[in-house]
Amino acid sequence: MAKSLLAPLAAATVVLFAIALVLIAQAPPESTMGLVQKIFYFHLPSWLGMYSAIFTCGVASILVLAKGSAVADRFAVAGAELAVLFGANGLVTGPLWARKAWGVWWTWEVRLVSALLLWLVFVAYLIVRRYAGPGSDKLAAAVALFGTAVSPFVYISVNFWRTMHPKTTVLPTLPTSMGVPMLFSCLAFMALFGTLLAIRVRLAERETALDALYLAYED
Amino acid sequence: MFLRAALLVLRKDFAIERKSLEILVTTLFFAVSCVLVFSFGLVKEGKAPTDAAAAILWIAVAFAGTLALGRTFERERYGDTIRALLMAPVPRPALYVGKLLGVVLLLFATEAILVPLIAILFAAPLLARPLLFLAVLVSGSVGFAAVGTLFAAMLMRTRSRDVLLPILLYPITIPVIICGVRGTAALMASPADEAMAAVWLSILIALDVVFVTIALWTFETLMVD
Amino acid sequence: MSFDFDSVQLIDVSRHFGRRRALSHVSLSARAGDIVGLLGPNGAGKSTLIGILSTLASPSSGEVRYGDRGRAASGALRQRIGLLAHELFLYPELSARQNLTFFAEIHGLRADEVVAPALERAGLTDRADDAVSGFSRGMRQRLALERALLHEPRLVLLDEPFTGLDDRAVGIVSDRLRALAARGAIVIAATHDLDLAEGLMSRIAIVRGGRLLADEAAGAGLRGRYRAAMGSTWSA
């Protein structure tokens with residue numbers, strides 16, 4: 001299944017990125033920040049990608065634990081890797097943007113803290129898969145399950161924690177001239193997410209098939 | 001049968017611990033050392049910051065708890081007795097509950113020492129609102145122990161289990177720590193912010209329910225190949 | 001809630017970890033009264049087989065049947081299985097009596113009825129209240145065996161039960177196993193010890209590289225048959 005979707009997804013990604021990049025280049029620069037503001041067009045969609053990946057990994061992990069499904073396991077691994085990838089992108093672009101916009105590299109704001117913690121959970125997922133030996137697929141699935149279940153609580157608790165302090169606005173309402181490039185950027189990133197997911201799942205499928213061939217050969 | 005099995009496991013762990021008190025004594029000592037290290041690090045001009053007390057309490061509990069978890073399950077690994085437990089005709093989640101109760105009681109014993117110690121060292125009014133504080137302490141400890149017991153159990157047959165436990169445990173229990181610290185700090189403020197503490201307490205209780213539910217559901221799958 | 005069976009079957013069972021095969025299409029059956037020896041070199045898959053029979057591990061493919069029931073993660077099934085592995089499943093800090101009492105109670109038995117006889121069978125009545133950490137290997141083995149048999153299981157699974165035992169202890173354990181089989185238990189024991197297997201087992205199953213090479217009655221000429229099955233190379 002992943003195979004047949006791969007080509008159209010990849011094509012869509014390339015097209016959408018091309019459109020998005022043109023639009024971003026043409027978008028009016030923000031008055032105080034200049035060119036650096038345009039990092040935001042890559043920053044927000046990165047988080048979108050991370051949360052989509054986390055959702056994928058979370059649902060797949062439930063299936064791994066409930067049914068022992070090998071297919072679900074492939075999606076879980078792919079989702080976790082993409083969560084770490086897109087999250088890393090967000091964590092790098094964020095401070096680069098914030099330094100210019102707010103004057104600080106980091107702030108203990110609810111969205112940032114929640115995102116960072118979730119990212120750490122999925123880094124932990126990958127560490128477990130790599131180092132825990134046999135049975136690590138189920139262990140990692142438990143980590144993903146707990147991580148996803150806890151994320152609303154992280155958001156709530158950090159939100160309450162910070163409401164006692166002055167808030168900085170993260171998402172100002174965007175004028176249309178910036179809204180359209182943002183939309184295309186988001187679509188492009190989602191298409192990229194889909195493409196990478198398909199590639200990774202297909203890679204996992206091939207690995208399982210290879211293992212099966214080894215086993216069959218020995219028989 | 002479920003509760004009975006859990007209590008049998010707890011009683012057995014008590015019997016073992018009673019012989020040497022090894023885990024209890026070393027956990028207490030470690031927790032106290034933690035607090036002292038933090039104190040030395042934070043004391044400025046001969047005074048310790050009062051606000052730090054809440055954070056230090058929960059961090060010491062988390063660190064000491066992680067160590068205690070590892071060693072509690074090391075006991076089941078030594079003679080591979082965990083397999084004998086899994087072979088018993090009792091529901092597997094009962095084993096989890098038995099272990100959880102033991103860990104929670106150990107945390108309570110640790111806190112019984114830490115709370116007065118921190119209150120004295122930091123001149124912090126930890127017990128200003130004793131009932132609410134106790135509720136926060138109990139629900140936070142249960143939340144931390146709930147995740148910790150499951151992870152420590154599932155890592156028992158894994159290589160690198162000692163370092164993997166904190167890596168897995170800390171990101172997921174951070175909301176527990178946040179709520180515990182903020183709840184404790186709210187109760188220590190003057191005047192004590194009971195409304196806010198109640199909010200933190202409710203989040204903690206919700207977390208406890210979520211964690212224990214997921215743990216009960218996944219324990220068997222994770223322990224059997 | 002009680003459930004019993006008089007035969008156990010492995011039907012085309014395989015178990016793999018990634019691309020490493022632990023067991024390959026093993027079919028084996030045993031009936032009440034059998035003492036089956038699982039023979040084979042290290043890494044042959046004997047422990048994996050025992051793990052699957054005990055319900056603690058699942059096969060990657062194939063089926064396990066207990067009587068006419070399939071494998072299900074149920075307490076009733078586990079009540080009829082006794083497992084003893086190399087690690088012995090004893091708490092070293094507790095005394096012999098405390099170990100037996102705990103396991104008796106967790107198996108739903110009345111400790112005051114079963115612990116004292118078990119201690120006697122293990123020959124440990126006078127050391128009953130000493131911590132197990134002070135016991136010799138042979139004493140621990142006898143205690144561990146009685147612990148595994150407290151609930152009078154139908155299927156007795158033993159992984160290397162004779163390792164490190166002196167002759168006298170070996171004799172005691174063998175007698176115990178014969179008595180069990182005579183009363184209708186199914187005994188399956190993995191072992192290296194060919195001489196022992198020859199004397200004790202009614203059937204042998206030779207395992208190598210995850211495969212079942214032979215499944216036949218024990219008896220004379222066992223050593224020769226085993227050597228022939230193993231071939232002359234080191235490879236497992």
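Residues numbered from 1 in each chain as written. Chains lettered and ligands numbered in written order. Predicted model: local features only at pLDDT ≥ 70, side-chain atom pairs only at ≥ 80, totals over all residues.

Turning to the overall build of chain B, a few remarks are in order. When you go through chain B residue by residue, the secondary structure sums to eight helices and zero strands. Shown N-terminal to C-terminal, the secondary structure of chain B runs as helices and strands in the order α-α-α-α-α-α-α-α. Here chain B has a C-alpha radius of gyration of 18 Å; the compact-globule value for 225 residues is 17 Å, and the two agree. Per-residue burial for chain B yields a buried fraction of 49% across its 225 residues. In chain B, once contacts between residues fewer than 6 apart in sequence are set aside, the share between residues at least 24 apart is 84%. (Helix = DSSP H or I, 4+ residues; strand = E, 2+ residues; numbered from the N terminus. Rg over C-alpha atoms; globule rule 2.2 N^0.38 Å. Buried ≥ 20, exposed ≤ 12 C-beta atoms within 10 Å, placed from the backbone. Contact = placed C-beta atoms within 7 Å.)

With that out of the way, let us pick up the overall build of chain C. Tallying secondary structure elements over chain C gives eight helices and 10 strands in all. Taking the principal axes of the C-alpha coordinates as reference, chain C spans close to 50 × 40 × 35 Å. Residues counted as buried form 44% of the 236 residues belonging to chain C. Contacts in chain C between residues at least 24 apart in sequence constitute 71% of all its contacts with a sequence separation of at least 6.

To continue, consider the interface of chain C and chain B. Each partner contributes to the interface: chain C provides 27 residues, whereas chain B provides 22 residues. Ranked by residue count, the leading element in the side of chain C that touches chain B is helix H3 (residues 96-106) of chain C, at five residues. Broken down by class, the residue content of the side of chain C that touches chain B amounts to 16 nonpolar, seven polar and four charged. (Nonpolar A, V, L, I, M, F, W, Y, C, P; charged D, E, K, R; others polar.)

What follows is about the nonpolar core. By size, the foremost hydrophobic cluster in this structure holds 210 residues, and its most contacted members are Ala76, Ala83, Phe122 and Val143 of chain A together with Val187 of chain C. Top element by residues in this core is helix H7 (residues 161-188) of chain B. It accounts for 14 residues. Dropping the residues within four chain positions of it, Phe122 of chain A is found in contact with Ile54, Cys57, Ala80, Ala83, Val84 and Gly147 of chain A. (Core = buried A, V, L, I, M, F, W, Y, C linked by C-beta atoms within 7 Å.)

Taken together, the contacts link 24 residues of chain B with 27 residues of chain A. For the side of chain B that touches chain A, the leading source of residues is H7 of chain B, giving 10 residues. For the side of chain B that touches chain A, the residue count by class is 17 nonpolar, four polar and three charged.

Turning our eyes to something else, we now look at the confidence of the model for chain C. Residue and element names in this part refer to chain C. Across chain C, the average pLDDT comes to 87, with 97% of residues at or above 70. When pLDDT is averaged over each helix and strand of chain C, the minimum, 76, is found for helix H8 (residues 222-230) and the maximum, 95, for H3. The complex prediction reports pTM at 0.90, with the ipTM value standing at 0.89. (pLDDT = per-residue confidence, 0-100.)

Residues and elements named next belong to chain C. Strand order in the open sheet formed by six strands is E6-E7-E8-E3-E9-E10, and the pairing between neighbours is mixed. Strands at the two margins of the open sheet, each flanked by one partner only, are strand E6 (81-84) and strand E10 (211-217). Strand-to-strand, the axes of this sheet are offset by a mean angle of 15 degrees, without reference to chain direction. Here strand E7 (residues 155-159) pairs with strand E8 (residues 186-191) via five bridges, running parallel. In the sheet register, Leu158 faces E8, and the bridge partner there is Ala189. Strand contacts of helix H6 (residues 167-182): strand E3 (35-39), E7 and E8, with the helix running at about 150 degrees to E8, the strand carrying the most contacts. (Pairing = 2+ DSSP bridges. Axes fitted to C-alpha atoms, helices over the stretch in contact; angles between N-to-C directions.)

Let us now look at unusual backbone geometry. All names here are of chain B. Residues other than glycine seldom take positive phi values, yet Asp80 does so here, at roughly 55 degrees. Tracing the backbone through its elements, the reader meets Asp80 in the loop between helix H3 (52-78) and helix H4 (81-87). Given 17 C-beta atoms within 10 Å, Asp80 falls into the partly exposed group. The backbone phi angle of Ser160 is positive, close to 55 degrees, even though this residue is not glycine.

Let's shift gears to the pairing of strand E2 (residues 20-31) of chain C. All names here are of chain C. As paired strands, strand E1 (residues 7-17) and E2 are joined by eight bridges and run antiparallel to one another. Looking at the pairing, Phe17 lines up with Arg20 of E2. The turn linking E1 back onto E2 is made up of two residues, and Gly18 within it adopts a positive phi angle of 65 degrees.

Turning our attention to the environment of Thr26 of chain B. Residue and element names in this part refer to chain B. Structurally, the position occupied by Thr26 is in helix H2 (residues 22-42). Residue classification places Thr26 among the partly exposed residues on the basis of 14 C-beta atoms within 10 Å. For the pair formed by Thr26 and Leu101, sequence separation is 75 residues and the distance between their alpha carbons is 19 Å.

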